[in-house]
Structure formats: C-alpha cells, structure tokens
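# Summary of the model geometry
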Amino acid sequence: MSMAKIDRRFIRSEEVILKAFTNLLNKWDYSDITIGDLVDEADINKSTFYLHYTSIDQVLNTLQDRLLSDVFEFYQTSDGVLETFISKLLEVAKKNRKVYRTVIYNSHQHFYENAYSLFWGITPKSNQKNKHIDSVYYKRFSLLHALSNSVLLWCQDSCAASKDELQDLLISQISFFLD
C-alpha cells in the first residue's frame, strides 16, 4: 500500500470525524457528546478515532484551529477593509452559530492564544522579568476577548440582533481598543 493512499485515508477519516463532530454540536451540547456518539455519527470504529485523537477536547481544539484559519483567511481577503472582514465573519458565524458558540464558549486559553498567534505572529506572553503585562499585548488580548464574547452572545441569542447592528458594535469595540 502506497504512502499517498494511507495519507488520503488518514485525511479522509479526519474530515469524517470533524464533520460528525460538527453535526453533533448542531444537535447536542458539547458536554453531552461522547466518543461513542462521535464514532457512531461518523460511522467509524473507535480505533480509527484513536488514530487521530485522544479525547473529545482534542477534536474541539482541532475544530477551533480550523475555524480560526477560516477567520484569518477572511481577514486576509478583506483587503484591509474592517467592515468586509467583520461582515464575512458574521455571515459564517450566523450559519454555524451553534458550532461557533461551542468553540468560543468551551475554548479556554487555547482559542485565544492561537488567535493571538495567528493574527500577530507571536505567542502571547507577559513580561516575566518586570512582572507586568505589556500594554500592546493587553490591548490585543482584550480586543480578542471582547470580539469573541460579542459574537458568542450574538450566537447564543439566536442572532436576534441584525448583522449590521453587531457589525457596528464590533467596529466601535475595535476603534476603542486601538485608540
């Protein structure tokens, strides 16, 4: 068996697992999903699951990384126009609101640290020598939390406010943090 065939199978299995996980997130709460549920939904056996992941949390981290990559791609293709970036982000979040809600709500530090690294090209760290947090770091990290929490609340509220209203709010948050 060729390495290319194994690689394609491995990639296909990972995609099946992530798709099944996303389907389950759209039906159930994250805390209710078990590995058994996931392998049943994906129609794979547990050994296939364990070739890719060790836990449901690890699947969530992979999904977070994928969503962050998508968000970063929106950012790169927005030609520096903040409104375009926010609009694309909110369209996708609205279509996948349960997934976005789960990813942001259950993310802990993983999501924020990876977002910070992706957008600013560095891993966030406080200045340990002086025992204080750098003000640029603090502003950026606070901005990520504010934007993420605004999208989280919007998704939890079934996207009741209009996309334009939230877009205006997010732009004002960004302006506040960048001033």
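Residues numbered from 1 in each chain as written. Predicted model: local features only at pLDDT ≥ 70, side-chain atom pairs only at ≥ 80, totals over all residues. Heavy atoms only, no water.

## With respect to a nonpolar patch on the surface
- There is a patch of nonpolar side chains on the surface, built from Phe10, Ile11 and Leu51 and spanning about 320 Å² of accessible area.
- Topologically, Ile11 is positioned in helix H1 (residues 3–27). (Patch = residues over 30% accessible without salt bridge, like charges linked within 9 Å, V, L, I, M, F, W, Y side chains within 5 Å. Areas by Shrake-Rupley, 256 points an atom, 1.4 Å probe, with all protein chains shown as cover. Salt bridge = Lys/Arg side-chain N within 4 Å of Asp/Glu carboxyl O. Helix = DSSP H or I, 4+ residues; strand = E, 2+ residues; numbered from the N terminus.)

## Considering the packing of aromatic side chains
- One pass over the full model with this rule turns up five aromatic pairs.
- Here a set of aromatic residues connected by ring pairs shows up, and it is made of Phe49, Tyr50 and Tyr53. (Phe/Tyr/Trp six-rings, centres within 6.5 Å; stacked < 30°, edge-to-face > 60°.)

## A look at a negative patch on the surface
- Residues Glu83, Asp164, Glu165 and Asp168 make up a contiguous surface patch of negative charge.
- Per element, the largest residue contribution to the negative patch is three residues, and it comes from helix H9 (residues 163–178).
- Here Glu165 shows up in helix H9. (Lys, Arg positive; Asp, Glu negative; His and termini not counted. Charge placed at Lys NZ, Arg CZ, Asp CG, Glu CD.)

## Focus: the packing of helix H5 (residues 82–95) against helix H8 (residues 135–156)
- Axis separation between H5 and H8 bottoms out at 10 Å; the angle between their running directions is 40 degrees. Note on packing geometry: the crossing formed by H5 with H8 is right-handed. Contact residues: Leu90, Ala93 and Lys94 in H5; Val151, Trp154 and Cys155 in H8.
- When grouped by side-chain class, the residues that make up the contact of H5 with H8 number five nonpolar, no polar and one charged. (Axes fitted to C-alpha atoms, helices over the stretch in contact; angles between N-to-C directions. Left-handed = near helix turned anticlockwise from the far one by under 90°. Contact = heavy atoms within 4.5 Å. Nonpolar A, V, L, I, M, F, W, Y, C, P; charged D, E, K, R; others polar.)

## Quick notes on the pattern of salt bridges
- In the structure shown here, the tally under the stated rule is four salt bridges.
- A salt bridge links Lys27 to Glu41, with the shortest nitrogen-to-oxygen separation between them at 3.3 Å. Of the two residues, Lys27 sits in helix H1 while Glu41 sits in helix H2 (residues 35–42), which places them 14 residues apart along the sequence.
- The closest approach of N and O atoms between Lys163 and Glu91, which form a salt bridge, is 3.6 Å. Of this pair, Lys163 sits in helix H9 while Glu91 sits in helix H5, and the two are 72 residues apart along the sequence.
- In this structure Glu91 comes out as partly exposed when scored by relative accessible area, which is 40%.
- When salt bridges that share partners are traced, they join Glu14, Glu15 and Arg66 into one network. (Buried < 20%, exposed > 50% of the residue type's maximum accessible area, 1.4 Å probe, protein only.)

On their own, these measurements won't tell you what the molecule is for.
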